[in-house]
There are 2 protein chains.
Amino acid sequence: METFKDRINFYTRLINKKLDQVVDKNNPASLYSPVQYMLDEGGKRIRPILVILACKSVGGEIDKCINPAVAIELLHNFTLVHDDIMDQDDLRRGKETVHKKWDEATAILAGDGLVALAYQCLLKTESEKIREIGEIFTNGILELCEGQALDKEFEKEFEIDLSQYISMIVKKTALLLMISSEIGAIVGEGSHAQRQLLKNFARELGCAFQIQDDLLDIEETSGKTFASDIQQKKKTFLFVHAINNASIADKNRMKAIYQQHDIRKEDILTVRNIFYSTGTVECAKQEVKNRIDKARSYLTQLPNSEASDDLKLLLDMILNRKS
Amino acid sequence: METFKDRINFYTRLINKKLDQVVDKNNPASLYSPVQYMLDEGGKRIRPILVILACKSVGGEIDKCINPAVAIELLHNFTLVHDDIMDQDDLRRGKETVHKKWDEATAILAGDGLVALAYQCLLKTESEKIREIGEIFTNGILELCEGQALDKEFEKEFEIDLSQYISMIVKKTALLLMISSEIGAIVGEGSHAQRQLLKNFARELGCAFQIQDDLLDIEETSGKTFASDIQQKKKTFLFVHAINNASIADKNRMKAIYQQHDIRKEDILTVRNIFYSTGTVECAKQEVKNRIDKARSYLTQLPNSEASDDLKLLLDMILNRKS
């Protein structure tokens, strides 16, 4: 296949074809229809593509990694269904969320079914290291739960420092990418050092992505709803950095705004101005840049191959986005 | 240890001790406090005890089966937390349910955490058959989801036949017992025939238990809330048998009653009378008896041992209850 884009399209078709086969029955419909709905949604399949590229970058074959790749996509969809209930989100990728289209009971059960389907797929992985792969996958689920719990706890707190914020986004955002890389490297029979490199790469990529996402929230032309993080009182990189670095007056101003039930338009602009005047925006941009550089430097330590080049292009693809 | 009761107490302490070690951290509290709360609740630990006895009955050691035993107890608690949200139940064993004591988001996440903890425990099982054990466990979760989905679907339906009802309770009630027996037999290195015997035993036990539970609903001295299944319009053995065997007049009477928003006290008595006059109660009692006999006959085919005797006593313990 000629170009990076061709290869990504090929992998995506492969993943979607396999996902189609995961659910081979329709009954009971109240379980399998919402599961199908989630899987039909046409996500970008970033995580399973990462499994494939990580596997190939250490010399592995695609046949060996397609099952764990699809397992991780199923796991990702499980977290989306349950997180959407917890966060009371009505829309995902422009479509109604499962609990909105059906109801909460149906969405809880669909999520639970997706976990089981994910393990079914994972257990089909041809590898002598199936126990270790299972452990990484399972520890990952627990850490995802911890990340979601921390995110919800932080909504009610002001005294969060940057290290706590980073530890939360590692669990909530970077972790699935880290599992993807690590499991890809294991089934590809990479060395221990290669596994660690790929895992570190994914951690930096995930954190860069999340902090960039936090930055996009205050860009009016980002394609996202302007300032929705501020409106939802999310404890983003911007908030955490600003509250720890602003003048006492600005800090009190922020607290007063975030303690209101609904945040007014003019308050959003006040908060945004504090994010700029405190140097928070500059610092966040620098943090994204540093983490991208770090992620790239890990990749350069892999053996030269089409797949390791593709990982660099995947990093660009993930980060060069406007929504 | 002298008596059956002593041995059950010993196993229960062992299981509780292991459960205490499962969660070795408190942070984030919003995840681990509700998990602890569920595990502290002092359930009867029937399923893990079944794993232990099944393992011992085929000659296995308790050290080999304690991890999968605890894994199944964790899985059971996961289903309780999520089912209680879906069924909007406020109380479990006299205590507030997790979503009532905290909130739904917390309960969804606690359930998800319990699944991960269950797999962590399961993956510690010392057995070359870890992949097969994982598959049985995972297929079980999916069938549990199917059982719960069918139960909810049946709430809105009248045209259910007994075979559909049985297939639902096999998934919803018997399945965790079946997995317990089967995994116990595998780690105990029982023969294929022994695995099948123990699995069949658990299926009959589970079905007998559920139909007996359905019968207890219309006994005023059962210790359970009288007629709560009728009030909740549950499609029990009694309902399904009666609707398929009652006279046309009684059938229409039942339909009219079950289509009301709230069922009145006198309607409950009408339904109960139909359950008696149609021969439904008699038939349900016979069904319980037949299944208990079948369950016992499977056990007699196991090699004679203290553990196989204990399985018979466990069956009596589970079925000789008034609530």
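Residues numbered from 1 in each chain as written. Chains lettered and ligands numbered in written order. Predicted model: local features only at pLDDT ≥ 70, side-chain atom pairs only at ≥ 80, totals over all residues. Heavy atoms only, no water.

Of the regular secondary structure elements, chain A holds 15 helices and 2 strands. Computed over its C-alpha atoms, the radius of gyration of chain A comes to 20 Å, within 12% of the 20 Å expected for a compact globule of 323 residues. Projecting the C-alpha coordinates of chain A onto the three principal axes gives extents of approximately 60 × 50 × 35 Å. By residue count, 60% of the 323 residues in chain A fall in the buried class. Partitioning the intrachain contacts of chain A with sequence separation of at least 6 by distance along the chain shows that 74% fall at a separation of at least 24. Of the roughly 13,400 Å² that chain A leaves accessible, carbon and sulfur atoms contribute 47%. The positive charge centre, built from 44 side chains, and the negative charge centre, built from 50, are 2 Å apart in chain A. (Helix = DSSP H or I, 4+ residues; strand = E, 2+ residues; numbered from the N terminus. Rg over C-alpha atoms; globule rule 2.2 N^0.38 Å. Buried < 20%, exposed > 50% of the residue type's maximum accessible area, 1.4 Å probe, protein only. Contact = heavy atoms within 4.5 Å. Areas by Shrake-Rupley, 256 points an atom, 1.4 Å probe, with all protein chains shown as cover. Lys, Arg positive; Asp, Glu negative; His and termini not counted. Charge placed at Lys NZ, Arg CZ, Asp CG, Glu CD.)

The next subject is the relation of the copies chain A and chain B. Of the transformation placing chain A onto chain B, the axial shift is 0.0 Å and the rotation is 180 degrees, giving an RMSD of 0.0 Å. Each copy turns onto its partner about a two-fold axis. With an isologous cut-off of 70% or more, the 100% of interface residues of chain A that recur at the interface of chain B puts this contact in the isologous class. (Least-squares fit on C-alpha atoms with pLDDT ≥ 70 in both.)

Turning next to the confidence of the model for chain A. In this model, chain A carries a mean pLDDT of 94, and residues with pLDDT of at least 70 account for 98%. Scored as a whole, the predicted complex attains pTM 0.95, and scored at its interfaces, ipTM 0.95. (pLDDT = per-residue confidence, 0-100.)

Looking now at the state of the cysteines. All names here are of chain A. Scanning the model with the defined rule gives 0 disulfides over all chains in all. Free of any disulfide, cysteine 121 has its nearest cysteine sulfur in cysteine 65, 12 Å distant. Taking relative accessible area as the criterion, cysteine 121 reaches 4% and is therefore assigned buried. Its sulfur unpaired, cysteine 283 is 14 Å from the next cysteine sulfur, which belongs to cysteine 207. (Disulfide = S-S within 2.5 Å.)

The subject of this paragraph is the interface of chain A and chain B. Counting residues at the interface gives 39 residues for chain A, matched by 39 residues for chain B. In this assembly, chain A packs against chain B so that about 3,400 Å² is buried in total across both faces, 68% of it on carbon and sulfur atoms. Of all residues in chain A, Leu123, Arg131 and Leu142 of chain A bury the most surface against chain B, accounting for 18% of the area lost on that side. At the boundary of chain A with chain B, the tally comes to 2 salt bridges. The salt bridge partner of glutamate 146 of chain A is lysine 25 of chain B, with a shortest N-O separation of 2.8 Å. Counting across the interface, chain A meets chain B through 18 residue pairs in polar contact (both at pLDDT 80 or more). Secondary structure elements with two or more residues in the side of chain A that touches chain B: helix H2 (29-40), helix H4 (62-86), helix H6 (104-122) and helix H7 (130-154) of chain A. Taken together, the residues that form the side of chain A that touches chain B break down as 21 nonpolar, 10 polar and 8 charged. (Buried area = accessible area lost by both parts, 1.4 Å probe. Salt bridge = Lys/Arg side-chain N within 4 Å of Asp/Glu carboxyl O. Polar contact = N/O pair within 3.5 Å; in protein donor to acceptor, adjacent residues only side chain to side chain. Nonpolar A, V, L, I, M, F, W, Y, C, P; charged D, E, K, R; others polar.)

Counted by the stated rule, this structure contains 52 salt bridges over all chains. The salt bridge involving aspartate 310 of chain B is made with arginine 7 of chain B; its shortest N-O contact spans 2.7 Å. With aspartate 310 of chain B in helix H15 (residues 306-319) and arginine 7 of chain B in helix H1 (residues 4-22), this pair connects stretches of sequence that are 303 residues apart. Just as aspartate 310 of chain B is buried, arginine 7 of chain B falls in that class too. Each of Asp83, Asp87, Asp151, Lys152, Glu155, Lys172 and Lys234 of chain A takes part in salt bridges that share partners, so that together they form one network.

Attention now moves to the environment of glycine 147 of chain B. Topologically, glycine 147 of chain B is positioned in helix H7 (residues 130-155). If near-sequence neighbours (up to four positions away) are discounted, glycine 147 of chain B is found in contact with Met168, Lys171 and Lys172 of chain B.

Here we come to the packing of aromatic side chains. Applying the stated criterion across every chain yields a total of 13 aromatic pairs over all chains. Judged by centre distance (5.1 Å) and plane angle (75 degrees), the rings of tyrosine 119 of chain B and phenylalanine 137 of chain B are edge-to-face. Here phenylalanine 137 of chain B lies in helix H7 and tyrosine 119 of chain B lies in helix H6 (residues 104-122), a separation of 18 residues in the sequence. Across the pair, exposure class does not vary: tyrosine 119 of chain B and phenylalanine 137 of chain B are buried alike. The structure contains a cluster of three or more aromatic residues connected by ring pairs, namely Tyr119 and Phe137 of chain A together with Tyr119 and Phe137 of chain B. Looking at lysine 95 of chain A, its charged tip hangs above the ring of tyrosine 37 of chain A, at a distance of 4.2 Å from the centre. (Phe/Tyr/Trp six-rings, centres within 6.5 Å; stacked < 30°, edge-to-face > 60°. Lys NZ or Arg CZ within 6 Å of the ring centre and 35° of its normal.)

Right, let's talk about the packing of helix H3 (residues 46-57) of chain A against H4 of chain A for a bit. All names here are of chain A. Running from N to C, H3 and H4 cross one another at 155 degrees; their axes reach a closest spacing of 8 Å. Considering the angle they form, H3 stands roughly antiparallel to H4. Crossing of H3 against H4: the hand is right-handed. Here Arg47, Pro48, Val51, Ile52 and Cys55 of H3 lie close against H4, whose contacting residues are Ile62, Cys65, Ala69, Ile72, Glu73 and His76. (Axes fitted to C-alpha atoms, helices over the stretch in contact; angles between N-to-C directions. Parallel < 35°, antiparallel > 145°, perpendicular 65-115°, else oblique. Left-handed = near helix turned anticlockwise from the far one by under 90°.)

A separate point is the environment of valine 170 of chain B. Residue and element names in this part refer to chain B. Following the sequence through the fold, valine 170 ends up in helix H8 (residues 162-187). Taking C-alpha positions, valine 170 is 29 Å from glutamate 61, a pair spaced 109 residues apart along the chain. The residues touching valine 170, leaving out its near neighbours within four places in the chain, are Leu175, Met178, Arg203 and Cys207.

If you look at the biggest cluster of nonpolar residues, it comprises 234 residues, and the most contacted ones within it are Leu74, Phe137 and Phe275 of chain A together with Leu74, Phe137 and Phe275 of chain B. Leave out the neighbours within four places in its chain, and leucine 74 of chain A touches Leu19, Val22, Leu39, Leu114, Leu117, Ala118 and Cys121 of chain A. (Core = buried A, V, L, I, M, F, W, Y, C linked by side-chain atoms within 4.5 Å.)

What describes two packed helices is the angle between their axes and the distance between those same axes. Contact pair H6 of chain A / H7 of chain B: the axes reach a minimum separation of 8 Å and the direction vectors enclose 155 degrees. Relative to H7 of chain B, the element H6 of chain A lies roughly antiparallel. The handedness of the crossing between H6 of chain A and H7 of chain B comes out as left-handed. Across from Leu109, Asp112, Gly113, Ala116, Leu117, Tyr119 and Gln120 of chain A in H6 of chain A, the residues of H7 of chain B making contact are Thr138, Asn139, Ile141, Leu142, Cys145, Gln148 and Ala149 of chain B. Residue classes in the contact of H6 of chain A with H7 of chain B are distributed as 8 nonpolar, 5 polar and 1 charged.

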